[in-house]
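# Structure at a glance
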Amino acid sequence: KASFMIKKMVSVLVIASLLFSCKESKEKTSPIQEDITESVYASGIIKSTDQYEVFSPVNGLLLQQLVKEGDKVNAGEPVLIVSNETAQLQIDNATLIAANNDPDRNRDKLNELKSGISQAKSKMKNDSLLLQKQKNLWAQEIGTRNELDQRELAYRTSADAYDAAVSRYKDLQKQIDFSAAQANNNLKISKTQAADFTIKSKIAGKVYSVLKKPGEMVSTQSPVAVIGQADNFIIELQVDEYDLARIKTGQKVVITMDSYKNKSFEAVVTRVIPYMNERTRSFTIEAVFTAAPELVYPNITVEGNIVIQTKEKALTIPRAYLISDSLVLMKGDKKQKVVTGLKDFQKVEILSGLKVTDIIFKPGL
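The paragraphs below set out a description of the structure included in this document. None of the values given here were measured: they were computed from a predicted structure.

Okay, the overall build of the protein next. The secondary structure content of the protein amounts to four helices and 20 strands. A compact globule built from 365 residues should have a C-alpha radius of gyration of about 21 Å, whereas the protein, at 46 Å, is more than 25% larger. Contacts in the protein between residues at least 24 apart in sequence constitute 73% of all its contacts with a sequence separation of at least 6. Carbon and sulfur atoms form 52% of the exposed surface of the protein, whose accessible area is close to 23200 Å². Taking the average location of the 50 positive side-chain charges in the protein and that of its 44 negative ones, the two points are 7 Å from each other.

Structure (structure tokens):
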């Protein structure tokens, strides 16, 4: 029994010793004065300036690939050609119709009507003279009333014939002009539609990707290539809606990339797009490098910290030592209330509640 009691006391002493050892082994630190920077985290990708997906204006079979990845192109330069046999036939047909309706080819019809107008005009003038002569005779009581009526009827008939001849000429001229204009417009439309089968670059830049090969079908719904500027890039970042109000153009951004391990690059916010993506509840921020990496390619993923403000010689502690954003653990498990200021991912500024000489313990151990 005595032996049992001794063993029990030894166990108690061992447990107490371990508990005391654990308590004494808690991680501890003291506040220090150092610079602290508050920033907003963002993630995104790099894009070439003016980068866009090239779409075919028409559906069809890709006939020819005029460029490859890495090629530089000028604005308006053809990059891909889609099969356009039907379009060419439409151009040929429209060309024939336009030629057939050319005013010069209908000149004979107009000249024939002009000749009819001239004849009708001569007859009208002659009938007018005969009518006037008959009126003069009638005034001298020479001739009969019937003869005068006949002359008046003949003049009115020839005048109507002249007016009809002029009207036929004008109608034919309008019809010829309309048909010619319509045929020329149809020709232009056919040529424009045929031009759609030659896909051209909208900008002077670089071909980053060709997504279709000759022989493959292309449609108006799927991109066929990606083109952007050759040497200018933008950083497209996504930030949470709660952080948007704190971000402004001109703020510094620290950029890191998997393709450049252990390196960071500086950029500056150039644009805040005031439209929220409803699916991700985020906003798009654009930035540009102040000193770009040696090699940059579109769609490289990046992480960025947008610097909101920086403070020198701030009193800071590690964020892991903060409890519920307002308490720290002192000696004897006493909780001390503190007022915090700026925060980054590792440390937090203490505005009041602690001194440099204080010792605090890491909670949770």
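Right, let's talk about the packing of aromatic side chains for a bit. Applying the stated criterion across every chain, the model contains two aromatic pairs. On the basis of an interplanar angle of 80° and a centroid distance of 5.3 Å, the ring pair of Tyr-260 and Phe-265 is categorised as edge-to-face. The same class applies to Tyr-260 and to Phe-265, which are both buried. Taking the centre distance of 6.4 Å and the plane angle of 85° together, the rings of Phe-265 and Phe-289 count as edge-to-face. One end of the pair, Phe-265, is in strand 13 (residues 260-277); the other, Phe-289, is in strand 14 (residues 282-289), and 24 residues separate them in sequence. On the basis of relative accessible area, Phe-265 is assigned to the buried category, the value being 13%. We classify Phe-289 as buried; its relative accessible area is 14%.

With that settled, consider the sheet that holds strand 10 (residues 223-228). Spatial ordering of the open sheet is given by 3-10-8-5, a layout of four strands whose pairing is antiparallel. The sheet terminates laterally at strand 3 (52-55) and strand 5 (72-73), the two strands that pair on one side only. Of the strand pairs in this sheet, strand 8 (residues 205-210) and strand 10 are connected by four bridges, and their pairing is antiparallel. Bridge pairing in strand 10 places Lys-206 opposite Gly-228.

So, on to the sheet that holds strand 4 (residues 60-65). Read across the sheet, four strands follow the order 7-6-4-9 without closing on themselves; strand pairing throughout is antiparallel. Edge positions in the sheet fall to strand 7 (198-200) and strand 9 (217-218), since each of these pairs with one other strand and no more. One ladder, built from two bridges, connects strand 4 with strand 9; its direction is antiparallel. Bridging across to strand 9, Leu-61 finds its partner in Met-217.

What counts, and where the lines are drawn
Residues numbered from 1 in each chain as written. Predicted model: local features only at pLDDT ≥ 70, side-chain atom pairs only at ≥ 80, totals over all residues. Heavy atoms only, no water. Helix = DSSP H or I, 4+ residues; strand = E, 2+ residues; numbered from the N terminus. Rg over C-alpha atoms; globule rule 2.2 N^0.38 Å. Contact = heavy atoms within 4.5 Å. Areas by Shrake-Rupley, 256 points an atom, 1.4 Å probe, with all protein chains shown as cover. Lys, Arg positive; Asp, Glu negative; His and termini not counted. Charge placed at Lys NZ, Arg CZ, Asp CG, Glu CD. Phe/Tyr/Trp six-rings, centres within 6.5 Å; stacked < 30°, edge-to-face > 60°. Buried < 20%, exposed > 50% of the residue type's maximum accessible area, 1.4 Å probe, protein only. Pairing = 2+ DSSP bridges.

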